[in-house]
Amino acid sequence: MNRKLYLLGLVLINALVIAHSSSSPILSKDATLLDNHHTNEEIFEIMYKINEKCPHITHIYDLGRKSANNTALKVIVFSDNAQIHEPMEPEFKYVGNMHGNEVIGRELLIELAQQLCDLYLDNNEDVVKLVDSTRIHLIPTMNPDGWNLAALNEFKMWEKKEPSKFKTLHEMLREVGTTDWLYGRTNLNQVDLNRNFPDLDAYEYKYVKENKNRFDHLLAESSYEINQKHFDCNFKQFQNETLAVASWIVNNPFVLSANFHGGDLVVNYPYDDSNNHETKYSATPDDEFFTEIASFYADLHANMTKKNRKKCDMVADDFKNGITNGANWYPVCGGMQDFNYLSSNCFELTIELGCDKFPAGKYLKQYWKDNMHALYEFIWKAHSGIKGYVLDSNDQPVSGARISVEKFYPEIGDYVLIKHHITTNEDGEYWRLLTDGIYKISAIAPDNSVSGKAVVEVISEPREEAMRVDLKLVDDSSRAKRRLLKNLERLFREQ
Ligand SMILES: [Zn+2]
């Protein structure tokens, strides 16, 4: 090729790559709701106002149980048919304020809800495409009682210390937020909700050690922990908030999720616990996808990956590129992200939004600016990899089929099994999050019939839906018949 043309080609390719990777932010930098923190009642009021403004794309529902102090755990969901799951639409969730005094996430989520509604009404092409093709669940507060404890304790403290300093709770929230590092972290019963999920890691490590790993969801183990043992790994009873969210995770076809915390600035990915609770890197079988998606959020954040940013005060806070494996930072037993991965199809990250857990309300707009691009693009990531149906020989969808995935590695010239199965939902649908590459995909039905292996090249395009790969099970009886005929033929030839 002519050298000039070749160089021009390279320049054009580079320009295209840059244009693609630096896609401009969709959401507005200017938050309209974030002049100050909001009480639980105010958060719920805003959710209902958004629902009134955008009734055709939103729906509000409560989780099955209330908080220890009897406050509803409210979710606002966005989609073109928000009340129902629609075929081939992935379900996504953001969870805020699991630790009551880690509050940035809950404020970001109401602003996100507001902007999704407004941009949809403005006919923003990309928001319409995202909302129409995805079901997005936002729960601003998983621990409303903890938030109350943190805020009211701080206000009482100021009343004693300097009675004339703040006239109202809101004035205090706007000027200082809260200053206590731990108060309000737990729920009303003083239980840390991110240590209160059934400890499925222990089963997983045991099965791997004994070579009995089924690469499967540990549902029977979850039931045993909740119904027979009743206690988490810190000997605390399972709490209403935990049980409500655990059922929510298992009962919905969630694909991707993030859980917001504070106290540091980093994206944390599973596993959160190691085989002996020691601090060490503990990779899931999907480590490639988790590291990629964790970096995706960190890179789009305004300063998470900045080398010269001021470190927070937490121990072992020395992150490369704004991400960390959970157990490599500090091991957590009974955490929510590992429960997502080991009990359901959902992949969850834990995102630490800043050194301050409960910053002064006047700074919230800056947190919005820092996160809004990442917050939006991360939802699109529910469309990574492939999706499709598993069908029987009569083209009927098969529920409970397991999707097995092998990735091709050119350096070894072979396929390697990812030892984690995704299971089809009751409508026979699946979504399999994957990094780009060449894969062999197959399905195994509950009756052990299998599909052929589809070889696919996965290329996830930004802001596009996942590639569709339907898998058809081979009818066992016709397979047996073919095998018999083949054998008869061979015998006939050998005679
Ligand atoms: Zn936390």
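Preceding block: the structure.
Residues numbered from 1 in each chain as written. Predicted model: local features only at pLDDT ≥ 70, side-chain atom pairs only at ≥ 80, totals over all residues. Heavy atoms only, no water.

### Looking at the coordination of the zinc ion
- Bound to the zinc ion on the protein side are His99 (ND1), Glu102 (OE), Glu102 (OE) and His261 (ND1), at distances that span 1.9 to 2.8 Å.
- Taken together, the 4 donor atoms surrounding the zinc ion define angles of 52 to 150° at the centre, an arrangement classified as irregular.
- If you list the donors of the zinc ion from N- to C-terminus, the spacing comes out as H-x2-E-x158-H. Here His99, found in the loop between β3 (91–95) and α3 (104–121), pairs with His261, found in strand β5 (residues 254–261); they are 162 residues apart in sequence, far enough to count as distant. Accessibility assignment for this pair places His99 and His261 in one class, buried. (Donors = N, O, S within 2.8 Å, 3.2 Å for Na, K, Ca; no water. Tetrahedral: all angles 85-135°; square planar, octahedral: opposite > 155°, others 65-115°. Helix = DSSP H or I, 4+ residues; strand = E, 2+ residues; numbered from the N terminus. Buried < 20%, exposed > 50% of the residue type's maximum accessible area, 1.4 Å probe, protein only.)

### Some details on the environment of Phe319
- With respect to the helices, strands and loops of the structure, Phe319 is situated in the loop between α10 (287–300) and β7 (323–325).
- You can call Phe319 buried: its relative accessible area is 15%.
- When the C-alpha atoms of Phe319 and Val266 are compared, they prove to be 7.5 Å apart, with 53 residues separating the residues in sequence.

### Examining the pattern of salt bridges
- In the structure shown here, the tally under the stated rule is 22 salt bridges.
- Notably, a salt bridge pairs Glu210 with Lys212, separated by 3.5 Å at the nearest N-O pair.
- Exposure remark for Glu210: the relative accessible area of 37% places this residue in the partly exposed category.
- Across the pair Lys453 and Glu406 runs a salt bridge, and its minimum N-O distance is 3.0 Å. A residue pair is termed long-range when its members are at least 10 positions apart, and Lys453 in the loop between β13 (437–444) and β14 (454–458) and Glu406 in strand β10 (residues 402–409) qualify at 47 residues. (Salt bridge = Lys/Arg side-chain N within 4 Å of Asp/Glu carboxyl O.)

### Points about the packing of helix α7 (residues 200–209) against helix α12 (residues 336–343)
- Between α7 and α12, the shortest axis-to-axis distance is 9 Å and the interhelical angle comes to 50°. Taken together, the axes of α7 and α12 lie oblique to each other. Contacts between α7 and α12 involve Leu200, Asp201 and Glu204 from the first element and Asp338, Phe339, Leu342 and Ser343 from the second.
- For the contact of α7 with α12, the class distribution of residues is 3 nonpolar, 1 polar and 3 charged. (Axes fitted to C-alpha atoms, helices over the stretch in contact; angles between N-to-C directions. Parallel < 35°, antiparallel > 145°, perpendicular 65-115°, else oblique. Contact = heavy atoms within 4.5 Å. Nonpolar A, V, L, I, M, F, W, Y, C, P; charged D, E, K, R; others polar.)

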